[in-house]
Amino acid sequence: LGVIGGNGAGKSTLLRLLAGIIAPDKGKITHDALNISLLGLNVGFISHLTGRNNAVLSGMLMGMRREEIEGKIDDIIEFAEIGEFIDEPVRSYSSGMRARLGFSVAIQADPDILLIDETLGVGDERFAKKSSKAMRQKIKSNKTIVLVSHSEKMVRRMCDRVVWIDKGVSRREGDTNSIMDEYMESMQ
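Bear in mind that the values here come from a model prediction, so they are computed numbers and not experimental data. Note that residues are indexed from 1 along each chain, following the sequence as it is written. Only residues with pLDDT of at least 70 get local features here, since the model is predicted, and only at 80 or more are side-chain atom pairs given and counted; chain-wide, interface and lining totals rely on the full set of residues. The side-chain figures draw on all heavy atoms in the structure; neither hydrogens nor water molecules are used.

**Student:** I tried to follow the environment of Leu101 on my own but got confused; where do I start?
**Tutor:** In this fold, Leu101 is placed in helix H5 (residues 95-109). When its relative accessible area of 0% is taken as the criterion, Leu101 is described as buried. For the pair Leu101 and Arg52, spaced 49 residues apart in sequence, the C-alpha to C-alpha distance is 9.3 Å. The contact definition used throughout considers only heavy atoms, calling two residues in contact when any of these lie within 4.5 Å. Excluding its chain neighbours within four sequence positions, the residues that come into contact with Leu101 are Phe45, Gly51, Ala55, Ile76, Ala80, Ile82, Ile86 and Tyr93. Starting at the N terminus, helices and strands are each numbered in turn, a helix being any DSSP run of H or I of at least four residues and a strand any DSSP run of E of at least two. The buried label goes to any residue with under 20% of its type's maximum accessible area, the exposed label to any with over 50%, and the partly exposed label to all in between, with areas taken from a 1.4 Å probe on protein chains only.

Take a look at the structure:
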């Protein structure tokens, strides 16, 4: 599911509601997911800890046992492509390195629902393709992914359905191409 809308429309707030980080003002959110992971820029990392420590902590916050995440650390490092920087404090990381590490942990955690907030737009084109491929594999495995993005291309490529949010209200919902066409037309 893609979530689109202008800045301040409520997209990130919707993800925080779905993740259970905040409660709705009215109504309720129900789902059968055992675990949900919210992946966003600069979400969940403690700057003075190393990438390795942050990966372990993030994995545990996503519902993994410490031994389980430690057993996957080599795969996380390899996917994130941060090499020896894994043992440096994340305050020394670029935003792209942080995003790659966060995405790598989330993919290894294998949550029932993966909420992604603008993360895949960070980093080089090669990593964007790599992460898109990993997401498509998750989608094929019947996992639920909710993707917030300003990238028309990414939403069209990754999403089966789209919700267009405007001022905290769902303006339109439906198949990706028709909603994206309408949204892009409204931007002109």
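Past the structure itself, the notes keep going.
**Student:** Honestly, the pattern of salt bridges in this entry has me stumped. Any pointers?
**Tutor:** Oppositely charged side chains may form a pair once their charged atoms are brought near each other. When a carboxyl oxygen of Asp or Glu is within 4 Å of a side-chain nitrogen of Lys or Arg, the pair counts as a salt bridge. On inspection of all chains with the given rule, the structure shows 11 salt bridges. With a shortest N-O distance of 2.6 Å, Asp181 and Arg156 are connected by a salt bridge. Here Arg156 lies in helix H7 (residues 152-158) and Asp181 lies in helix H8 (residues 176-186), a separation of 25 residues in the sequence. The class for Asp181 is partly exposed, based on a relative accessible area of 42%. Assessed through its relative accessible area of 25%, Arg156 is described here as partly exposed. The partner of Arg172 in a salt bridge is Glu182, with the nearest N and O atoms 3.1 Å apart. Of the two residues, Arg172 is situated in strand E6 (residues 169-175) and Glu182 in helix H8; the sequence distance between them amounts to 10 residues. Its relative accessible area of 36% is what places Arg172 among the partly exposed residues.

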